[in-house]
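Below, each chain spelled out in residue letters.
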Amino acid sequence: MKKREFLKISGMVAAGLMLNPLSACKTISATQKKANGFIDSLLQEKGELILPPLGYDFKALEPHIDAMTMEIHHDKHHAAYIKKWNEAIKGSTFAEKTLAEVFASLTTAKENNVFRNNGGGHYNHSLFWSVLGLNNGSKPTGKLAEAITRDFGSFEKFAELIKDAGLKQFGSGWAWLCVNADKKLFICATPNQDNPLMAQIVDKEKQGTPVFGIDVWEHAYYLKYVNERKKYLEAIFNVLDWAKIGKRFELITA
Ligand code: MN3
């Protein structure tokens, strides 16, 4: 497929996903659905996947996250997860399951690895792209701000805890802000492309719905920050779009 056709189709698919009603969230307003974009509908995808567009320029997060990193991260790394998923999904036992169902039924069995790594890779990155944007030093507001204060004491304490989770994740992985079944916020980290939706893979205390995740794979920061993951984690706090994250939090706790 030519690049132009591919971009056109990806755009059409993303637009289609945005228009799809969220079956599990019938009480959510149209404004909320639009604001949250395709990310929740993403869990309803089945079978072959298409790389979703980034939604902004590669240079949009400069100087905190450089354009080259964003381009390689989206166009090479994320694209590779999709390619490998698509090669494996045809005729597999997961072909008729939604991404949400795949995550819930994945086990640590070796034959699950291709779906665990590449399905996780697709969802985790799609969520990551959807919450990034220059925040000009802003902080969470509204219900998210209240929940952060309630569950962590302060925004500063929350920031310290999630950066610490990212820093201490040995090797590749993700640091997450999640909500549990009681709609309380918690922070955790998972290795590789695992995520808190993989209920049979992650420990019980890490199971929940991600509000957002921070990619701590070296490919997310090595070009600009080399081996200094701590500096990258500080930089990420300049590009967490709290308006988008706040809307997503309200959607998943509604
Ligand atoms: Mn990555």
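In the block above lies the structure referred to throughout.
Q: Hey, could you go over the overall build of the protein for me, with residue numbers and the actual values?
A: If you tally the helices and strands in the protein, you get 10 helices and three strands. Going from N to C terminus, the protein has its helices and strands arranged as α-α-α-α-α-α-α-β-β-β-α-α-α. When each of the 254 residues of the protein is scored for burial, the buried share is 49%. Pairs at least 24 residues apart make up 69% of the contacts formed inside the protein by residues separated by at least 6 positions.

Q: Tell me about unusual backbone geometry, and please be specific about residues and values.
A: Here the bond from E62 into P63 is cis, since omega is 0 degrees, no more than 30 degrees from zero. Tracing the sequence through the fold places P63 in the loop between α2 (30-36) and α3 (67-89). You will see that N136, though not glycine, has its phi angle at about 50 degrees, which is positive. One can find N136 in the loop between α5 (113-131) and α6 (142-152). Not every positive phi belongs to a glycine, and V226 is a case in point at roughly 50 degrees. Summarising the element assignment, V226 is placed in the loop between α8 (222-225) and α9 (229-236).

Q: Break down the sheet that holds strand β2 (residues 185-191) for me, citing the residues and quoting the values.
A: Sheet strands pair by backbone hydrogen bonding; their relative direction is either parallel or antiparallel. Strand order across the open sheet formed by three strands is β2-β1-β3, with antiparallel pairing between neighbours. Each edge of the sheet is formed by a strand with only one pairing partner; in this case those strands are β2 and β3 (209-215). If you compare each strand with its neighbour and ignore which way they point, the axes differ by 25 degrees on average. Examined bridge by bridge, strand β1 (residues 173-179) and β2 share seven bridges and lie antiparallel to one another. Residue pairing for β2: V179 is matched across the bridge by L185. Packing against the sheet, helix α10 (residues 242-253) makes contact with β1, β2 and β3, and its axis sits at approximately 150 degrees to β3.

Q: Just give me the short version of the packing of aromatic side chains, but keep the residues and values in it.
A: What characterises a pair of aromatic rings is the spacing of the ring centres plus the angle enclosed by the ring planes. What the rule picks out here adds up to 15 aromatic pairs. Note on W85 and F115: the rings are 5.5 Å apart at their centroids and 90 degrees apart in plane angle, and the pair reads as edge-to-face. You can see W85 sitting in helix α3 and its partner F115 sitting in helix α5, a full 30 residues away along the chain. The class of W85 is buried, set by a relative accessible area of 2%. Relative accessible area serves as the criterion here: at 6%, F115 is assigned to the buried category. Pairing F155 with F237 gives two aromatic rings, centres 6.2 Å apart and planes at 65 degrees, and the pair type is edge-to-face. Within this pair, whereas F155 is found in helix α7 (residues 155-168), its partner F237 is found in the loop between α9 and α10, the two being separated by 82 residues in sequence.

Q: Report on α7, specifying residues and quantitative values.
A: Here α7 spans 20 Å end to end across 14 residues, near enough to the 20 Å set by a 1.5 Å rise per residue. By the burial criterion, the buried members of α7 are F155, F158, A159, I162, K163, A165 and G166. Projected onto a plane normal to the axis of α7, the buried residues spread over an arc of 155 degrees and lie on a single side. Contacts made by the buried residues of α7 are with α6, β1, β2, β3, α9 and α10.

Q: Give a detailed account of the environment of A199, specifying residues and quantitative values.
A: By the secondary structure assignment, A199 is in the loop between β2 and β3. For A199 and S105, which are 94 residues apart along the polypeptide, the C-alpha to C-alpha distance reads 7.7 Å. Once residues within four sequence positions are removed from consideration, A199 is found in contact with F103 and Q207.

Q: Describe the coordination of the manganese ion, naming the residues involved and giving the relevant values.
A: Those donors, H73 (NE2), H125 (NE2), D215 (OD) and H219 (NE2), are the protein atoms that reach the manganese ion, and they lie 1.9 to 2.1 Å from it. Sequence spacing among the residues donating to the manganese ion works out to H-x51-H-x89-D-x3-H. Here H73, found in helix α3, pairs with H219, found in the loop between β3 and α8; they are 146 residues apart in sequence, far enough to count as distant.

Q: If you had to explain the pattern of salt bridges to someone new, which residues and values would you point to?
A: Taken as a whole and judged by the stated rule, the model has 12 salt bridges. Between D57 and K59 there is a salt bridge; the shortest N-O distance is 3.5 Å. Judged by relative accessible area, D57 falls into the partly exposed class, the value being 47%. Overall, K59 belongs to the exposed group, its relative accessible area being 54%.

Q: Can you lay out the nonpolar core for me, pointing to particular residues and giving the numbers?
A: Judged by nonpolar contacts, the single largest core of 69 residues is most densely connected at L132, F158, L185, F212 and Y232. Residue contacts for F212: discarding those within four places in its chain leaves L127, V131, F158, I162, A175, W176, L177, L240, W242 and I245.

How each quantity is defined
Residues numbered from 1 in each chain as written. Predicted model: local features only at pLDDT ≥ 70, side-chain atom pairs only at ≥ 80, totals over all residues. Heavy atoms only, no water. Helix = DSSP H or I, 4+ residues; strand = E, 2+ residues; numbered from the N terminus. Buried < 20%, exposed > 50% of the residue type's maximum accessible area, 1.4 Å probe, protein only. Contact = heavy atoms within 4.5 Å. Pairing = 2+ DSSP bridges. Axes fitted to C-alpha atoms, helices over the stretch in contact; angles between N-to-C directions. Phe/Tyr/Trp six-rings, centres within 6.5 Å; stacked < 30°, edge-to-face > 60°. Expected span 1.5 Å × (residues − 1). Arc of directions from axis to C-beta. Donors = N, O, S within 2.8 Å, 3.2 Å for Na, K, Ca; no water. Salt bridge = Lys/Arg side-chain N within 4 Å of Asp/Glu carboxyl O. Core = buried A, V, L, I, M, F, W, Y, C linked by side-chain atoms within 4.5 Å.

By themselves, these observations are geometric and do not establish any function.
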